[in-house]
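# Descriptive analysis of the structure
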Amino acid sequence: MEFYEVLEKRRTIRDFSDREVSGEVLKKVLNAAFKAPSNDHLRQFEFVVVRGREQIARLIAPVAHNTQRLQQASLEASADGMDMDEYAMFVDALPKQQRMLLQSNCLVLPFFRQKDYPLCQPADQSSLNYFASAWAALENILLAATAEGLACAFRIPIGNEAEHVKRLVNAPAGYEFICFLAIGYAAENAHRCTQKVIRVEDRIHQDVW
């Protein structure tokens, strides 16, 4: 698949079929992470791959409760003038937070080495360089998965979810959990949210805003 076609086809998919992702394909997709730019050049990314609904269910146990609170907050925000495309995305996404992680039957837990500062207490913007590198790596994974005909959905942990995961997988000190990443094949009737149309000409400014 040509590169710009991959960019156009990449979508967050939250409805998966029961077709299994082979270990060979998954390894190829995760290897893309190590081709991304890295703050320290060491590419200190680690992945825990979890298969099977029972195993996944243990790891995502706090998700249902936390999602209920998030859903209520989002519905309240909609009354204050939430963008319609944004609202449509939330309406589809929030009820599927737990199901999509289970349904993919292949849950990837990406970790990165965080040095110098606690992640949520940065001393300055460059303290987040390791975090930025981790998300650059994740973007490579999403694009590689698209090129392989796979679908992905991720959930950024909230509340107690990150600590719950780190404890269950025995993550070493100094490593931070990025997100729950479901990788699988899209269901035949998978929902695809409408993409907001952006005119790039309107977002490019010469010399000053």
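The following paragraphs examine the structure supplied in this document.

Below, the discussion takes up the side chain of Ser127. Summarising the element assignment, Ser127 is placed in the loop between strand E2 (106–113) and helix H7 (129–147). Polar side-chain contacts of Ser127 include one of 3.3 Å to the backbone nitrogen of Ala123. Once you skip the residues sitting within four places of it in the chain, Ser127 turns out to touch Gln114, Tyr117 and Pro122.

Taken as a whole and assessed by the stated rule, the structure comprises 0 disulfides. No disulfide involves Cys120; its sulfur sits 15 Å from that of Cys179, the nearest cysteine. You can call Cys120 exposed: its relative accessible area is 74%. Of the cysteine sulfurs around Cys179, a residue in no disulfide, the closest is that of Cys152, at 9.7 Å.

Relative to the helices and strands, Glu161 resides in helix H8 (residues 161–169). With a relative accessible area of 0%, Glu161 lands in the buried category. Here Arg155 takes part through its side chain, which lies 2.7 Å from a polar atom of the side chain of Glu161. Not counting the four nearest positions on each side in its chain, Glu161 is found in contact with Pro62, Val63, Asn66, Arg155, Ile156 and Phe180.

Right, let's get into the nonpolar core. With 28 residues, the main nonpolar core has Leu26, Val29, Phe112, Ile141, Leu150, Leu181 and Ile183 as its most contacted residues. Where this core is concerned, the elements lending two or more residues are helix H2 (23–31), E2, H7 and strand E5 (180–184). Element by element, the count of residues in this core is highest for H7, at 8 residues. Those residues within four positions of Leu181 in sequence are excluded, and the remaining contacts are Cys106, Leu107, Val108, Leu138, Ile141, Leu142, Cys152, Ala153 and Phe154. Listed in part, the 23 residues of the second largest apolar core include Val63, Met100, Leu109 and Ala151.

Another point: a nonpolar patch on the surface. On the surface, Phe3, Tyr4 and Leu7 cluster together into a nonpolar patch covering about 340 Å² of accessible area. Note on placement: Phe3 falls in helix H1 (residues 3–9). The exposure class assigned to Phe3 is partly exposed, which follows from its relative accessible area of 49%.

Applying the stated criterion across every chain yields a total of 7 aromatic pairs. Arranged with centres 5.3 Å apart and planes meeting at 75°, the rings of Phe3 and Tyr4 form a pair that is edge-to-face. Relative to Phe47, the ring of Phe34 has its centre 6.0 Å away and its plane inclined at 90°; by these criteria the two rings are edge-to-face. Taken together, the residues span a long stretch of sequence, with Phe34 in the loop between H2 and strand E1 (45–51) and Phe47 in strand E1 at a distance of 13 residues. The class for Phe47 is partly exposed, based on a relative accessible area of 23%. Among the aromatic residues, ring-to-ring pairing joins Phe34, Phe45 and Phe47 into one connected group. Between the NZ or CZ atom of Arg19 and the centre of the ring of Tyr185, over which it lies, the distance is 3.8 Å.

Rules used in this analysis
Residues numbered from 1 in each chain as written. Predicted model: local features only at pLDDT ≥ 70, side-chain atom pairs only at ≥ 80, totals over all residues. Heavy atoms only, no water. Helix = DSSP H or I, 4+ residues; strand = E, 2+ residues; numbered from the N terminus. Polar contact = N/O pair within 3.5 Å; in protein donor to acceptor, adjacent residues only side chain to side chain. Contact = heavy atoms within 4.5 Å. Disulfide = S-S within 2.5 Å. Buried < 20%, exposed > 50% of the residue type's maximum accessible area, 1.4 Å probe, protein only. Core = buried A, V, L, I, M, F, W, Y, C linked by side-chain atoms within 4.5 Å. Patch = residues over 30% accessible without salt bridge, like charges linked within 9 Å, V, L, I, M, F, W, Y side chains within 5 Å. Areas by Shrake-Rupley, 256 points an atom, 1.4 Å probe, with all protein chains shown as cover. Salt bridge = Lys/Arg side-chain N within 4 Å of Asp/Glu carboxyl O. Phe/Tyr/Trp six-rings, centres within 6.5 Å; stacked < 30°, edge-to-face > 60°. Lys NZ or Arg CZ within 6 Å of the ring centre and 35° of its normal.

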